[in-house]
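Results of the structural survey
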Amino acid sequence: LWAMAREVRLMIKLAGALKQGESYERLCQANRIWQKRKSLVRDYLTRCQLKNLYRCLDACSELDRSIKGVVKKPVWPGLKDLCLAFSGHSVELSA
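About the thresholds
As a convention, each chain's residues are numbered from 1 in the sequence order in which they are written. In keeping with the predicted nature of the model, local features appear solely for residues at pLDDT of at least 70, side-chain atom pairs appear and are counted solely at 80 or more, and the whole-chain, interface and lining totals rest on all residues. As a convention, hydrogens and water are excluded, and side-chain values are obtained from all of the structure's heavy atoms. Secondary structure elements are defined from DSSP: runs of H or I of at least 4 residues count as helices, runs of E of at least 2 residues count as strands, and each element is numbered from the N terminus. In this scheme, a helix's expected span is set at 1.5 Å multiplied by one less than its residue total. Residue burial is assigned from relative accessible area. The probe radius is 1.4 Å, only protein chains are included, and a residue is buried under 20% of its type maximum, exposed over 50%, and partly exposed in between. The arc refers to the directions leading from the helix axis to the C-beta atoms. What makes two residues a contact is simply this: any of their non-hydrogen atoms within 4.5 Å. Note on geometry: axes are C-alpha line fits, over the in-contact stretch for helices, and angles between N-to-C directions span 0 to 180 degrees. Small angles under 35 degrees read as roughly parallel and large ones over 145 as roughly antiparallel, with 65 to 115 read as roughly perpendicular and the rest as oblique. By convention, the crossing between two helices is left-handed when the near helix turns anticlockwise from the far helix through less than a right angle, and right-handed when the turn is clockwise. Following the grouping adopted for this structure description, the nonpolar residues are Ala, Val, Leu, Ile, Met, Phe, Trp, Tyr, Cys and Pro, the charged ones are Asp, Glu, Lys and Arg, and the polar ones are all others, Gly among them.

**A word on helix α5 (residues 75-86)**
The end-to-end C-alpha distance of α5 is 16 Å, a good match for the 16 Å that 12 residues give at a rise of 1.5 Å each. Of the positions making up α5, those classed as buried are Gly78, Leu79, Asp81, Leu82, Ala85 and Phe86. Buried positions in α5, seen along its axis, are confined to an arc of 165° and lie on one side of it. Against the buried residues of α5 lie α1 (2-19), α3 (35-47) and α4 (50-67).

In structure tokens, the structure reads:
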């Protein structure tokens, strides 16, 4: 979950900065995105929607509470749905 949340936060940060006109190359350097990964990240950012990324971040928070026992929801189906939503599939996230 930690790794997924980190990726979601990074994509939100990059998408916001690109919307404000920042240079993609500079953002990659500042966020230490490897050369081999740059094209994958760029492709993802062109097809993802910022509102979906925020929904994924909310789902990460809800899953974290489930893992810690604060909320009584099954964790594995939530993780599956989070991964599907992050990859662009239309999934109802329970956040």
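**Focus on the packing of α1 against α4**
Put simply, α1 and α4 touch, their axes get as near as 9 Å, and they point 150° apart. When the interaxial angle is binned, α1 and α4 end up roughly antiparallel. Along this stretch, α1 crosses α4, giving a crossing that reads as left-handed. Within the contact between the two elements, α1 uses Met4, Ala5, Val8, Arg9, Met11, Ile12, Ala15 and Lys19 and α4 uses Leu50, Leu53, Tyr54, Cys56, Leu57 and Cys60. The residue inventory of the contact of α1 with α4, partitioned by class, reads 12 nonpolar, no polar and two charged.

**Description of the environment of Gly21**
Inspection of the secondary structure assignment puts Gly21 in the loop between α1 and α2 (24-30). The sequence separation of Gly21 and Leu79 amounts to 58 residues, and the corresponding C-alpha distance is 33 Å.

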